[in-house]
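So you can see what is in the structure, the chains are spelled out below.
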Amino acid sequence: MYDLAIVGGGPSGLAAGLYGARAHLKTLVIEQGLPGGQMQNTLEIENYPGFKHILGPDLSEQMYQQALDLGVEWKTGTVTAIELEGNPKILTIGSETIEAKAVIIGTGAQPKYLNVPGEKELAGRGVSYCATCDGAFYADKDVFVIGGGDSAVEEGLFLTRHARTVTIIHRRDELRAQPILQERAFANPKIKFVWNTVVEKIEGDHKVTGVLTRNVKDDSTAVLNGDGVFIYIGFYPNTSFLAGSVILNKEGYIETAADMSTKVPGVFAAGDVRTTPLRQIVSAASDGAIAAMTAYQYIESL
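Counting restarts for each chain, with residues numbered from 1 along the sequence as it is written. Predicted model: local features are reported for residues with pLDDT of at least 70 only, side-chain atom pairs are reported and counted for 80 or more only, and whole-chain, interface and lining totals are derived from all residues. Here the side-chain values reflect all heavy atoms present in the structure, with hydrogen atoms and water set aside.

Chemist: Any chance you could break down unusual backbone geometry for me, citing the residues and the numbers?
Modeler: For the bond running from N87 to P88, omega is 10°, close enough to zero to count as cis. The secondary structure listing takes helices from DSSP runs of H or I that are at least 4 residues long and strands from runs of E that are at least 2 residues long, numbered from the N terminus. Relative to the helices and strands, P88 is located in the loop between β6 (79–83) and β7 (89–93). Positive phi is not limited to glycine here, since D140 has a value of about 60°. As for its placement among the helices and strands, D140 is situated in the loop between α3 (131–134) and β11 (142–146). The phi torsion at N196 lies on the positive side, around 50°, for a residue other than glycine. Looking at the element boundaries, N196 is found in the loop between β13 (191–194) and β14 (197–203). Whether a residue is buried, partly exposed or exposed follows from its accessible area with a 1.4 Å probe, protein chains only, as a fraction of its type maximum: under 20%, in between, or over 50%, in that order. For N196, a relative accessible area of 14% corresponds to the buried category.

Shown next as structure tokens:
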């Protein structure tokens, strides 16, 4: 029996573990991969307070070791189901079950991938899914944004603060973004558009040099030269193990109150897995701290 079980060992889960341990809760973090989650796949981090520059794996290791030093237990495994109602909560990990008085879900969200040659190989070397994270690396460079929704256009506008040109490539002949965002994009002299076009390949050996595109109308192809590719075709939350739960919205994200509590007493969520206006390491860590302290108050009330 644990006081607090945390599903997910990214920045939200590690921060929750740290705060849970400091509150003298018997705390377990369950993670299916390496400590740090998507931080492990981030080459350079320059927007986390206290570090002018740090590698993603290094920040992951520091947060992980800090949690362990405070007494957090770590378990590698995949949670396949959770009985959320009642007390205790029961988590299933393969053939094993674990009981906890409170649960924090911090399983994050994954970007949807183009699944084209060069995307995986050049991730962190010109391929990015976060302009807020990586935009500053492309000062006076030419970049591409793939997508036509709100996120694609918003991030394209953000990139104009740094890049020389931003080319939005969209498979349709009109954007899906809100009209006000479209107006801003069309009015920005740094933004260009390539319509009715998909990316077939991301070019480059050790870094991005361009994209191979195909026009969906006439099937013609072209290679466009550039230094970075920002992909915004959507995200999906890692909540398949909670399918049908009342804490999920129709998109599969977890709905929370400001204190990270859900509709189910004793169940909390933190980080990218919840509905949130910002998906950054610093905001995920903040969520984790709040969730842990709210969980502590809940456990004290039992």
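Chemist: Please provide a residue-by-residue account of the packing of aromatic side chains, values included.
Modeler: The rule is short: rings of Phe, Tyr and Trp, with Trp giving its six-membered ring, pair when the centres are within 6.5 Å, and they are stacked under 30 degrees, edge-to-face over 60, tilted in between. Per the stated rule, a full pass over the model turns up eight aromatic pairs. Here the aromatic rings of F193 and W195 are separated by 5.1 Å at their centres, their planes lie at 0°, and the arrangement is stacked. Residue class for F193 comes out partly exposed when judged on its relative accessible area of 22%. Residue classification places W195 among the partly exposed positions, given a relative accessible area of 27%. Cluster of aromatic residues (ring-pair linked, three or more members): F186, F193 and W195. For the cation-ring pair, K26 lies above Y2, with the distance from its terminal atom to the ring centre recorded as 4.9 Å. For a ring to carry a charge above it, either NZ of a lysine or CZ of an arginine must fall within 6 Å of the ring centroid while also lying within 35 degrees of the normal to the ring plane.

Chemist: Lay out the state of the cysteines in plain terms, naming residues and giving numbers.
Modeler: Where two cysteines share a covalent bond between their sulfur atoms, that bond is called a disulfide. Disulfide: a pair of cysteine sulfur atoms within 2.5 Å of each other. Applying the stated rule across the entire model yields one disulfide. Sulfur-sulfur distance for the disulfide between C130 and C133 comes to 2.2 Å. Looking down the S-S bond of the C130 and C133 bridge, the torsion is 75°, so its handedness is right-handed.

Chemist: Explain the side chain of D287 to me, using residue names and the numbers behind them.
Modeler: Tracing the sequence through the fold places D287 in helix α6 (residues 281–301). Every residue pair with non-hydrogen atoms within 4.5 Å of one another is taken to be in contact. Excluding anything up to four places from it in sequence, D287 contacts M260, A270, G271 and R274.

Chemist: Describe the sheet that holds strand β16 (residues 221–225), and please don't skip the residues or the numbers.
Modeler: Two strands make a pair as long as DSSP finds a minimum of two bridges between them. Across the sheet, which stays open at both edges, the three strands sit in the order β14-β15-β16 with antiparallel pairing between neighbours. Where the open sheet ends on each side, the last strands, each with one partner, are β14 and β16. On average, adjacent strands in this sheet sit at an angle of 30° to one another, irrespective of strand direction. One ladder, built from six bridges, connects β14 with strand β15 (residues 210–215); its direction is antiparallel. Across the sheet, T197 pairs through a bridge with N215, a residue of β15. Fitting a line to C-alpha atoms yields each axis, with helices limited to the stretch in contact; the angle taken between N-to-C directions then spans 0 to 180 degrees.

Chemist: Which residues make up the sheet that holds β11, and what values go with them?
Modeler: Strand order in the open sheet formed by five strands is β10-β17-β11-β12-β13, and the pairing between neighbours is parallel. This sheet does not close on itself; its edge strands, each paired only once, are β10 (127–128) and β13. With two bridges connecting them, β10 and strand β17 (residues 228–231) associate as parallel partners. Among the inter-strand pairings, V127 is bridged to a residue of β17, identified as V229. Lying on the sheet, helix α4 (residues 150–159) is in contact with β11, β12 (165–169), β13 and β17; it crosses β11 at an angle near 170°.

Chemist: Residue-level account of the side chain of T294, with values.
Modeler: Checked against the element boundaries, T294 lands in helix α6. Look at T294 and you get buried, because its relative accessible area is 12%. A 3.5 Å cut-off defines polar contacts: any pair of N or O atoms within that distance qualifies, except that in protein one atom must be a possible hydrogen donor and the other a possible acceptor, and neighbouring residues in sequence count only when both atoms are side-chain atoms. A distance of 2.8 Å separates the side chain of T294 from the backbone oxygen of I290, its partner in a polar contact. Beyond its immediate stretch of four places on either side in the chain, T294 contacts D259 and F268.

Chemist: Account for the packing of helix α1 (residues 11–22) against α6, with residues named and values stated.
Modeler: Look at α1 against α6: their axes get within 7 Å of each other, and the N-to-C directions meet at 35°. In the crossing of α1 with α6, the sense of the turn from one axis to the other is right-handed. Facing P11, S12, A15, A16, Y19 and G20 of α1, the residues of α6 in contact are I281, A284, A285, G288, A289, A292 and M293. The classification used treats Ala, Val, Leu, Ile, Met, Phe, Trp, Tyr, Cys and Pro as nonpolar, Asp, Glu, Lys and Arg as charged, and all other residues, Gly among them, as polar. Along the lines of polarity and charge, the residues of the contact of α1 with α6 split into ten nonpolar, three polar and no charged. Note on convention: near helix rotated counterclockwise from far helix by under a right angle means a left-handed crossing. Clockwise means right-handed.

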